Amino acid sequence: MTGRKSFGSDNHAGVHPAVLRAIMDANSGDAVAYGADAWTGQVTADLRETFRADGGAFLALNGSGANVLGLSILLRRHEAVICAESAHINTDECGAPERLLGTKLLAVPTADGKLTPDLIAERLSGRGDEHFAQPGVVAITQSTELGTCYTLAELRKLADFCRASDLRVFLDGARLANAAAYLDCPLADLAECTDVLSFGGTKNGAMGAEALIVMRQGLTADVPYLRKQQTQLTSKMRFVAAQFGALLHDDLWRANAAHANAMARRLADGVAGLAEVEIVYPVQANAVFARLRPRHIAALQREWTLHVWDERESVVRWMAAFDTSPADVDAFVADIRMAADT
Ligand SMILES: Cc1ncc(COP(=O)(O)O)c(C=O)c1O
């Protein structure tokens, strides 16, 4: 880290003051452990209502854990998961779904991180043949790992296809807030096309809080047991719940996400037109992916923290967070311009 605002990840940001205050407020006296406390009761009821989820909401500690838990609810023992090649479950979870669930990920190359019915259909050819891994779940990410968002129409089309093809839908919503802000829609609209989804708090200003939302009641019975087995049932749950309480209050989650998105937009606009900087994916959420010359990347890295996404392609990821300021962006843009000029 260089001491300047990091553009490496929204995970580099600290905790939103309202979240910290909520944790402090929850720190009064004792409370029953493992989620049988008033904070958890209230927040899970609020999440359930927010998402119009018949199955309920279950708090978890991190996004990888929520992903594995979500998939475990939906998968039968012999089934495989179709996901984008760029999906976090495929690239960044140390093989956790394969190791912990014994499943196979059928990773599909995509243009922009988004699956389509056609791309899914290509992976269904071995169905009914016992020698092939049998796809049972389609896992999508919203917003995607490449900073793009499925439109509501795309989600509906995908869900219709999956329903007709006997495929369940899991959505990794580590950045669902950013997608809801970009699409200007309620969270429930993004959830209705899924069977189970995660809702990320951590990248949105929480200290560490994720929620698993189960859309159908018929899927709920095993979830408490699976969560415990997968070590996602924390004893001092009230502090996880308090974080979501703060994010849900007055829709702080939306303000945080909209701000991060706006800062990414400002950054993309700031470098638009530079001959040496190519934006490689549509900037829709809080990430900007850009191709620069390796020497320009190296020059920037001397002063700034950023993520080299694809070294071979010379693509970097710049990410804004809830606390990225316009001045941070403008200073970064000025240095990008300078570096790209050398
Ligand atoms: C799309 C996506 N899903 C899930 C996660 C979960 O990560 P973690 O297990 O680090 O909380 C991340 C973190 O970067 C992510 O980008």
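Residues numbered from 1 in each chain as written. Predicted model: local features only at pLDDT ≥ 70, side-chain atom pairs only at ≥ 80, totals over all residues. Heavy atoms only, no water.

Novice: Got a minute to help me understand the state of the cysteines in this structure?
Specialist: A disulfide bridge is the covalent bond that connects two cysteines by way of their sulfur atoms. One pass over the full model with this rule turns up zero disulfides. Take Cys149: it sits in no disulfide, and the sulfur closest to it among the cysteines is that of Cys185, at 9.1 Å. On the accessibility criterion, Cys149 (1% relative accessible area) is buried. (Disulfide = S-S within 2.5 Å. Buried < 20%, exposed > 50% of the residue type's maximum accessible area, 1.4 Å probe, protein only.)

Novice: I would appreciate a short explanation of the sheet that holds strand S10 (residues 307-310) in the present structure.
Specialist: Adjacent strands of a sheet form backbone hydrogen bonds with each other and so pair up, either parallel or antiparallel. If you walk across this open sheet you meet the four strands as S8-S9-S11-S10, and the pairing is antiparallel. Taken across any chain shown, the strands that pair with only one partner, and hence form the sheet edges, are strand S8 (278-279) and S10. (Pairing = 2+ DSSP bridges. Helix = DSSP H or I, 4+ residues; strand = E, 2+ residues; numbered from the N terminus.)

Novice: Please clarify how the packing of aromatic side chains should be interpreted in this entry.
Specialist: The tally for this structure, following the rule as stated, stands at nine aromatic pairs. The interplanar angle of 75° and the centroid separation of 5.4 Å between the aromatic rings of Tyr281 and Phe289 together place this pair among those described as edge-to-face. For Phe289, a relative accessible area of 1% corresponds to the buried category. Relative to Trp309, the ring of Phe289 lies with its centre 5.1 Å away and its plane at 85°, an arrangement referred to as edge-to-face. Remark: Trp309 occurs in strand S10 and Phe289 occurs in strand S9 (residues 287-291); sequence separation between them is 20 residues. In this structure Trp309 comes out as partly exposed when scored by relative accessible area, which is 29%. (Phe/Tyr/Trp six-rings, centres within 6.5 Å; stacked < 30°, edge-to-face > 60°.)

Novice: When you look at the nonpolar core in this model, what are you seeing that I'm missing?
Specialist: With 62 residues, the main nonpolar core has Leu47, Phe51, Leu115, Phe199 and Ile213 as its most contacted residues. At nine residues, helix H11 (residues 237-248) tops the list of elements feeding residues into this core. Each residue touching Leu115, except ones within four places of it in the same chain, is listed here: Ile82, Cys83, Ala84, Val108, Thr110, Ile120, Val138, Ala139, Ile140, Tyr150 and Leu158. Listed in part, the 25 residues of the second largest apolar core include Ala268, Ile297, Trp318 and Val329. (Core = buried A, V, L, I, M, F, W, Y, C linked by side-chain atoms within 4.5 Å. Contact = heavy atoms within 4.5 Å.)

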